[in-house]
Number of protein chains: 2
Amino acid sequence: MAGTRGRDVTDEVPRTGRAGTGQAGSGTTSARRARTGTTSTRRASTAATQVEVRERIVAAADALYYARGIQAVGMDEVRTAAGVSLKRLYAEFPGKEQLVLAVLESRHHQWEDGLGRAAAGVEDPRTRLLAIFDFLEEWFTDETFRGCGFINAFGELGATSPAVAAAAREHKQTFQDHVARLTRDAGGDETLGAQLALLAEGAQTTAAIAGRADAARQARRAAEVLIDAALGAR
Amino acid sequence: MAGTRGRDVTDEVPRTGRAGTGQAGSGTTSARRARTGTTSTRRASTAATQVEVRERIVAAADALYYARGIQAVGMDEVRTAAGVSLKRLYAEFPGKEQLVLAVLESRHHQWEDGLGRAAAGVEDPRTRLLAIFDFLEEWFTDETFRGCGFINAFGELGATSPAVAAAAREHKQTFQDHVARLTRDAGGDETLGAQLALLAEGAQTTAAIAGRADAARQARRAAEVLIDAALGAR
DNA sequence: TTGCGCCGAGAACGATCGTTCTCTACTGTA
DNA sequence: TACAGTAGAGAACGATCGTTCTCGGCGCAA
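Below is a summary of the structure that appears in this document. All figures in this text were calculated on a predicted structure; none of them were measured in a lab.

1. Overview of the protein's contact with DNA strand C
(1) Moving on: All residues in the neighbourhood of DNA strand C are listed as Ser 85, Leu 86, Lys 87 and Arg 88 of chain A together with Val 73, Gly 74, Met 75, Leu 86, Tyr 90, Gly 95 and Lys 96 of chain B.
(2) Moving on: Counting only atoms of DNA strand C within 4 Å of the protein, the sugar-phosphate share comes to 50%.
(3) Moving on: Within the contact set of DNA strand C, a phosphate oxygen lies 2.7 Å away from a backbone nitrogen or oxygen of Met 75 of chain B.
(4) Moving on: A distance of 2.4 Å separates a phosphate oxygen of DNA strand C from a polar atom in the side chain of Lys 96 of chain B.
(5) Moving on: Among the elements that make up the surface near DNA strand C, the one with the highest residue count is helix H4 (residues 86–92) of chain A (three residues).

Here you go:
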């Protein structure tokens, strides 16, 4: 009895066959199946499903874009995968670029969540810093891994879409800030932070293109050397 | 006198306004203006201009693809920039993918030439190893720099074109081999080589997306630390 | 029950792109 | 000079894509 028939149909939409969106340790299935009450007032119900629909669209688009490239996926395919009408899709996102930006924003949040989880509960600042590379390794071994979505998007659209280029730049900047903060906690300076960030970036492209998931472990070992050299042997 | 009228027209084609193809220290203007004699036999002349036309097409396509992305540039635009007819273009390259692969191959050779020049004449193996990062810095400061063309191509087409993905993989592999060789010359093992390669890769994406050309210098400093730690202080 | 408004399904439209085809002009040769 | 062959210019074609429009059905209020 919950909702209309049409909504039930779109609720059990295919999630493009994979769990999560290909980001490590995410497992976000976006649809939380937690309606506010049953339907409450019409207005509240509409708002709830709007959020749900938006999330579903973004999740479907993210999986498709990440797996095949942005320009290789048409709006119609996103529509099918998300199980919404084209009209609804364009009601949520006025154009493809807005959808792409929403996907990147979602991916950014997943990335930050993953980083936070990797650091959570780790007491030693040095180990917390190195946990970044453990997180990367977990991500690289995901079978859907195909590199950093922001690097890919930048290479594909960075030259034609300033908004996409800016999104990639901001994502990388917040990562550098994150590493810098952890480095400071461990007693290192910003130079060390920048160098560790370089290792992480290099590991991502190497793992993606060369298909070498052990790039994370190589990067971790290099990071240990750099940290110990900067902080003095332990 | 030299050549036919039609050929002269296509000879002085616009080189898309830039010198080289955006790769550091290249300065390859592809067209060498060195005809074998004047026209010699008809057959030899045709062969000479064929090579020239091919190079011109590849150079024009490379500049356009690198600056704006591959999918954003149509065959017609390549045709105009190269100053050849569509028929001629398709006579040289049966399809766009073949042209893309030829561009990547050309870019790979330029990259190897640049690396070789950077190492040439440097006696000390350690300094020769570090010269990689000087080469990167020079490249990053080029105003047309927009990241590694192979990383960009992989992000854009790696999922849909196995040939492009393979080209990127091979390019990165030869780079790792190159670094490994120089590392061995300096007395280091393959672990060190892999780590230095990670730094170089990370510097490329960081310089491209964050626009920080100093990533090369940061990577160089990190490389020094890693080298000294692996080889013992000097 | 009747009318109203909303929404999904999908056709339609205009633009672009890769690729092919046609037409024309020109070159070299007998 | 007449002719055969070639190459350039660009029209044409089929496919795809982003976006909009139309149609038909359903839920809801009076």
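2. Quick look at the pattern of salt bridges
(1) Moving on: Following the criterion strictly, the structure yields 22 salt bridges over all chains and no others.
(2) Moving on: A salt bridge links Arg 68 of chain A to Glu 77 of chain A; the shortest N-O distance between them is 2.9 Å.
(3) Moving on: A relative accessible area of 32% places Glu 77 of chain A in the partly exposed class.
(4) Moving on: Here Asp 134 of chain B and Arg 220 of chain B are joined by a salt bridge, their closest N and O atoms 2.9 Å apart. With Asp 134 of chain B in helix H6 (residues 125–140) and Arg 220 of chain B in helix H10 (residues 215–231), this pair connects stretches of sequence that are 86 residues apart.
(5) Moving on: Owing to a relative accessible area of 34%, Asp 134 of chain B belongs among the partly exposed residues under this scheme.

3. Digging into the interface of chain B and chain A
(1) Moving on: Across the boundary between the two partners, chain B contributes 40 residues, which contact 40 residues of chain A.
(2) Moving on: Carbon and sulfur atoms make up 66% of the area that chain B and chain A hide from each other, which totals about 3,400 Å².
(3) Moving on: Looking at the side of chain B facing chain A, the largest losses of area belong to Phe 154, Leu 198 and Ile 209 of chain B, adding up to 21% of the total buried there.
(4) Moving on: Inspection of the region where chain B meets chain A yields zero salt bridges.
(5) Moving on: Elements represented by at least two residues in the side of chain B that touches chain A include exactly helix H2 (42–68), helix H7 (149–157), helix H8 (162–185), helix H9 (190–209) and H10 of chain B.
(6) Moving on: Ranked by the residues each element gives to the side of chain B that touches chain A, the list is headed by H9 of chain B, at 12 residues.
(7) Moving on: Split by residue class, the side of chain B that touches chain A holds 20 nonpolar, 12 polar and eight charged.

4. Comments concerning the relation of the copies chain B and chain A
Two chain copies here: they are related by a rotation about an axis and a translation along the same axis.
(1) Moving on: For the match of chain B to chain A, the screw axis carries a shift of 0.0 Å, the RMSD comes to 0.0 Å, and the turn is 180°. Here the transformation between the copies is reduced to the relation of a two-fold axis. In terms of C-alpha distance to the rotation axis, chain B has Gly 202 of chain B as its closest residue, with the C-alpha 1.8 Å off the axis.
(2) Moving on: A share of 100% of the interface residues of chain B reappears at the interface of chain A, consistent with the copies meeting face to face through the same patch.

5. Examining the protein's contact with DNA strand D
(1) Moving on: Near DNA strand D, the surroundings consist of Val 73, Gly 74, Met 75, Leu 86, Lys 87, Tyr 90, Gly 95 and Lys 96 of chain A together with Ser 85, Lys 87 and Arg 88 of chain B.
(2) Moving on: Among the atoms of DNA strand D close to the protein, meaning within 4 Å, 54% are from sugar or phosphate groups.
(3) Moving on: Backbone polar atom of Met 75 of chain A to a phosphate oxygen of DNA strand D: 2.7 Å apart, as the coordinates give it.
(4) Moving on: Tyr 90 of chain A is positioned such that a nitrogen or oxygen atom in its side chain is 3.0 Å from a phosphate oxygen of DNA strand D.

6. Topic: the packing of aromatic side chains
Given two aromatic rings, their pairing is described by the distance between the two centres and the angle made by the two planes.
All names here are of chain A.
(1) Moving on: The tally for this structure, following the rule as stated, stands at 12 aromatic pairs over all chains.
(2) Moving on: On the basis of an interplanar angle of 40° and a centroid distance of 6.0 Å, the ring pair of Trp 139 and Phe 140 is categorised as tilted. Side by side, Trp 139 and Phe 140 carry an identical accessibility label, which is buried.
(3) Moving on: Between Trp 139 and Phe 145, the ring centres sit 5.0 Å apart and the planes meet at 80°, which makes this aromatic pair edge-to-face. Pair check on accessibility: Trp 139 and Phe 145 agree, each one buried.
(4) Moving on: Above the face of the Tyr 66 ring, Arg 107 is positioned so that its terminal group lies 4.1 Å from the ring centre.

Reading guide: rules and limits
- Residues numbered from 1 in each chain as written.
- Chains lettered and ligands numbered in written order.
- Predicted model: local features only at pLDDT ≥ 70, side-chain atom pairs only at ≥ 80, totals over all residues.
- Heavy atoms only, no water.
- Near = heavy atom within 4 Å.
- Polar contact = N/O pair within 3.5 Å; in protein donor to acceptor, adjacent residues only side chain to side chain.
- Helix = DSSP H or I, 4+ residues; strand = E, 2+ residues; numbered from the N terminus.
- Salt bridge = Lys/Arg side-chain N within 4 Å of Asp/Glu carboxyl O.
- Buried < 20%, exposed > 50% of the residue type's maximum accessible area, 1.4 Å probe, protein only.
- Contact = heavy atoms within 4.5 Å.
- Buried area = accessible area lost by both parts, 1.4 Å probe.
- Nonpolar A, V, L, I, M, F, W, Y, C, P; charged D, E, K, R; others polar.
- Least-squares fit on C-alpha atoms with pLDDT ≥ 70 in both.
- Phe/Tyr/Trp six-rings, centres within 6.5 Å; stacked < 30°, edge-to-face > 60°.
- Lys NZ or Arg CZ within 6 Å of the ring centre and 35° of its normal.

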